[in-house]
Amino acid sequence: MTPTAAYSLRRRLLAWLLISTAVIGVVAMADTWNEAVDTANEVSDRVLAGSALAIAERVIVSEDGSLEVDIPYVALEMLTSAAQDRVFYRVDGPPGNFITGYQNLPSLARREGQAAAFGNAIFRGEPIRVAALARSASTGIRSVPFLVTVAETTMARQQLTRTILLRSALRLLFMMAGAAVIVWVAVTLSLRPLYRFSEAIAERSPDDLHPIDQQVPSEVQGLVETVNSFMVRLEGALDALRHFTGNASHQLRTPLAIIRTQLALANRAGTLEEARQAARKADEAVADAERLLAQLLLMARIDAATRAASMQQVDLVSLARSATADHVPQAADAGIDLGFEGEGEVQVMAEPLLLGELLKNLIANALLYAGSGAEVTVRILRPGDAAVLEVEDDGPGIPAEKRAAVLARFERGGRADASGTGLGLPIVEEIARLHGARLALLEGNAGRGLKVQVAFAPADNGPVPQLAR
Ligand SMILES: Nc1ncnc2c1ncn2[C@@H]1O[C@H](COP(=O)(O)OP(=O)(O)OP(=O)(O)O)[C@@H](O)[C@H]1O
Ligand SMILES: [Mg+2]
């Protein structure tokens, strides 16, 4: 059974790490793009400003007070040499007084100062970068302001941007590819112990339930310990099952053999009476087998209940009283005086069906083994706030040294001729254990017979009461 939506840890790790590497890469790339544009602009702007300054230095005031300029074409060549860019300029005198250059060239607002101002514009349908430098020329008597505007198309700086970007992008891609390889190798290596662990389990034969002895990372240590402790428990459960089925099939063989023998006898019987007798014996054997199967099924039910116990509040007095009443006809047939002692209500946490089976087994034992003329008492006591169930008889009882033995499965003693499976008391013990109750086999109050005591923990889950033995 695979859990739904299984996913690969490796794939998930790789996805997370690679996606974050890619995201970081994209962010770094955007940053590089900005940087490249800035750097290219800065470099080109400096050259542009240099040309404007070279022109400004050639502006002089003529004798009639007008401005004259002798354009130093070398200054403009500085620009054109870079690429196929085209260069434009204009020189303006005081506002509204165009002196030379391209009259339509857009300029920038006049700002008197040391540094040139820069801006972007469109000229003749092409994007241009504009630098404007405001200065004034002086004759010594008067000073005339002028504005030098130099512009160039942006091909060179775009080319520069592209070159810077391409180089950094290549470097970045190379680094990301390196990071991806490192991530891949690191994830694969880190997960290797997990693969080895699952291989170690897969290679095992189904009955090899020894603990796994594998070096694993501390994060998986808990998982390995859980698996190991599960295997130990599984081994225990399998042992118990093997033991139990072995015993059970052995026990069933006896009644089946009897049935077979008796049927053969009936087949060969000379008289009807002989045939009837054989049939009767076969019928008894069938009843035995039936009882054995019922007890085995009950045991299986206790095992299941142990896993999902459906405990509820049960009144022990009324449950015991009705179980006693159920057995009165059987007691009368056996010549036994069956009685009940108990008053009021005694609430315990219990599984009512299983508790009924416990009572049924104890009463049946008493009726079967105490012998005709005996007295059997089912009793509910309340020492303190605890609850104690007793089934007592004044029959032959079980000798103290044999009491532990009869609690083992299939262990029978005393009147071994009476039909029985040897599962009754083990079932009683299992049910008591399931209820957290203490089971004790004692001598009857009159110094004879058997008294079986089941002491339940008080409802608040306190300690199980210790009773005098
Ligand atoms: N009240 C009793 N008095 C004397 N001996 C008893 C009493 N109860 C049980 N025993 C002895 O203990 C043995 C085991 O009892 P247990 O109930 O486990 O098995 P069983 O009665 O033989 O078979 P089952 O109850 O499964 O049909 C019995 O065979 C019997 O010898
Ligand atoms: Mg019994």
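Residues numbered from 1 in each chain as written. Chains lettered and ligands numbered in written order. Predicted model: local features only at pLDDT ≥ 70, side-chain atom pairs only at ≥ 80, totals over all residues. Heavy atoms only, no water.

S.K.: I tried to follow the pairing of strand 5 (residues 117–123) on my own but got confused; where do I start?
M.R.: The two faces of a sheet get side chains in turn, since along a regular strand they alternate between them. Relative to strand 6 (residues 126–138), strand 5 runs antiparallel, the two sharing seven bridges. Looking across to strand 6, one finds that Gly119 is bridged to Val130. From the end of strand 5 to the start of strand 6, which pair antiparallel, there are two residues, and Arg124 there has a positive phi angle of about 55 degrees. (Pairing = 2+ DSSP bridges. Helix = DSSP H or I, 4+ residues; strand = E, 2+ residues; numbered from the N terminus.)

S.K.: Even after reading the chapter, I still don't get helix 3 (residues 155–202), so can you show me in this structure?
M.R.: An α-helical turn contains 3.6 residues, so any two residues separated by three or four positions project in the same direction. Here helix 3 contains 48 residues, and its C-alpha end-to-end distance of 67 Å stays within 8% of the 70 Å for a straight helix at 1.5 Å per residue. The principal kink in helix 3, of about 40 degrees, is found at Arg192, preceding the proline Pro193 by one to four residues. (Expected span 1.5 Å × (residues − 1). Bend = angle between axes of the 7 residues up to and from the residue.)

S.K.: Looking at this structure, how should I read the pattern of salt bridges?
M.R.: As a working rule, side chains carrying opposite charge can pair if their charged atoms are close by. All told, the structure shown has 14 salt bridges when counted by the stated rule. Arg157 is the partner of Asp45 in a salt bridge, and the nearest nitrogen-oxygen pair spans 3.0 Å. Of the two residues, Asp45 sits in helix 1 (residues 9–56) while Arg157 sits in helix 3, which places them 112 residues apart along the sequence. This pair shows no difference in class: Asp45 is buried, exactly as Arg157 is. Arg433 is the partner of Glu430 in a salt bridge, and the nearest nitrogen-oxygen pair spans 3.0 Å. Remark: Arg433 and Glu430 occur in helix 8 (residues 424–434); sequence separation between them is three residues, near one turn of the helix. Take Glu430: its relative accessible area is 15%, and that puts it in the buried class. (Salt bridge = Lys/Arg side-chain N within 4 Å of Asp/Glu carboxyl O. Buried < 20%, exposed > 50% of the residue type's maximum accessible area, 1.4 Å probe, protein only.)

S.K.: How should I be thinking about the packing of aromatic side chains in this particular structure?
M.R.: Counting across every chain of the model gives four aromatic pairs. Measuring from centroid to centroid gives 4.8 Å for Phe88 and Phe123, while their planes differ by 80 degrees, and the two rings are edge-to-face. Here the residue Phe88 occupies a position in strand 3 (residues 87–92), and Phe123 occupies one in strand 5, the gap between them amounting to 35 residues. An angle of 85 degrees between the planes, with centres 6.3 Å apart, marks the rings of Tyr102 and Phe123 as edge-to-face. You can see Tyr102 sitting in the loop between strand 4 (98–101) and strand 5 and its partner Phe123 sitting in strand 5, a full 21 residues away along the chain. Taken together, the ring pairs in this structure connect Phe88, Tyr89, Tyr102 and Phe123 into an aromatic cluster. (Phe/Tyr/Trp six-rings, centres within 6.5 Å; stacked < 30°, edge-to-face > 60°.)

S.K.: Any chance you could explain the site of ligand 1 here in plain terms?
M.R.: For ligand 1, the set of nearby residues contains 22 residues, the closest of which are Tyr369, Arg412, Gly413, Thr421 and Leu425. At a separation of 2.6 Å, an oxygen atom of ligand 1 approaches a polar side-chain atom of Arg412. Protein contact buries 97% of the 600 Å² of open area that ligand 1 shows by itself. Applying the majority rule of atoms within 2 Å of the grid points places ligand 1 in the largest pocket. Secondary structure elements with two or more residues in the shell around ligand 1: helix 5 (272–307), helix 7 (352–369) and helix 8. The element best represented in the shell around ligand 1 is helix 7, accounting for four residues. Residue composition of the shell around ligand 1, by class: eight nonpolar, ten polar and four charged. (Near = heavy atom within 4 Å. Polar contact = N/O pair within 3.5 Å; in protein donor to acceptor, adjacent residues only side chain to side chain. Areas by Shrake-Rupley, 256 points an atom, 1.4 Å probe, with all protein chains shown as cover. 1 Å grid on protein atoms, 1.4 Å probe; cavity = no way out; pocket = protein on both sides within 12 Å on 5 of 7 lines; lining within 4 Å. Sits in = over half its atoms within 2 Å of the grid points. Nonpolar A, V, L, I, M, F, W, Y, C, P; charged D, E, K, R; others polar.)

S.K.: Just checking my understanding: could you explain the side chain of Gln262 for this structure?
M.R.: Looking at where Gln262 falls in the secondary structure, it is placed in helix 4 (residues 218–268). Apart from residues no more than four positions distant in its own chain, Gln262 is found in contact with Ala278, Lys281 and Ala282. (Contact = heavy atoms within 4.5 Å.)

S.K.: Honestly, the domain arrangement of the protein in this entry has me stumped. Any pointers?
M.R.: A common way to report how large an interface is uses the accessible area buried once the components associate. Looking at the assigned domains, one finds that the protein contains domain 1 (10–162), domain 2 (208–308) and domain 3 (310–456). The centre of domain 2, based on its C-alpha atoms, is set 24 Å off from the matching centre of domain 3. (Domains from an automatic or database assignment.)

S.K.: Can you help me understand the sheet that holds strand 13 (residues 438–443) in this one?
M.R.: Read across the sheet, five strands follow the order 9-11-12-14-13 without closing on themselves; strand pairing throughout is mixed. A single partner strand is all that each edge strand has here, and the edge strands are strand 9 (337–341) and strand 13. When the angles between neighbouring strand axes are averaged without regard to direction, this sheet yields 15 degrees. Bridging between strand 11 (residues 375–381) and strand 12 (residues 387–393) involves six bridges; their strand directions are antiparallel. For Thr377, the partnering residue across the bridge sits in strand 12 and is Glu392. Contacting strand 9, strand 11, strand 12 and strand 14 (450–456), helix 6 (residues 316–334) crosses the sheet at an angle of about 170 degrees to strand 9. Packed on one face of the sheet, helix 7 meets strand 9, strand 11, strand 12 and strand 14 and runs near 25 degrees to strand 12. (Axes fitted to C-alpha atoms, helices over the stretch in contact; angles between N-to-C directions.)

S.K.: I keep staring at a nonpolar patch on the surface and nothing clicks. Help me out?
M.R.: On the surface, Tyr7, Leu9, Leu13, Trp16 and Leu17 cluster together into a nonpolar patch covering about 540 Å² of accessible area. Within the secondary structure, Leu9 is located in helix 1. Here Leu9 falls in the partly exposed class, since its relative accessible area comes to 41%. (Patch = residues over 30% accessible without salt bridge, like charges linked within 9 Å, V, L, I, M, F, W, Y side chains within 5 Å.)

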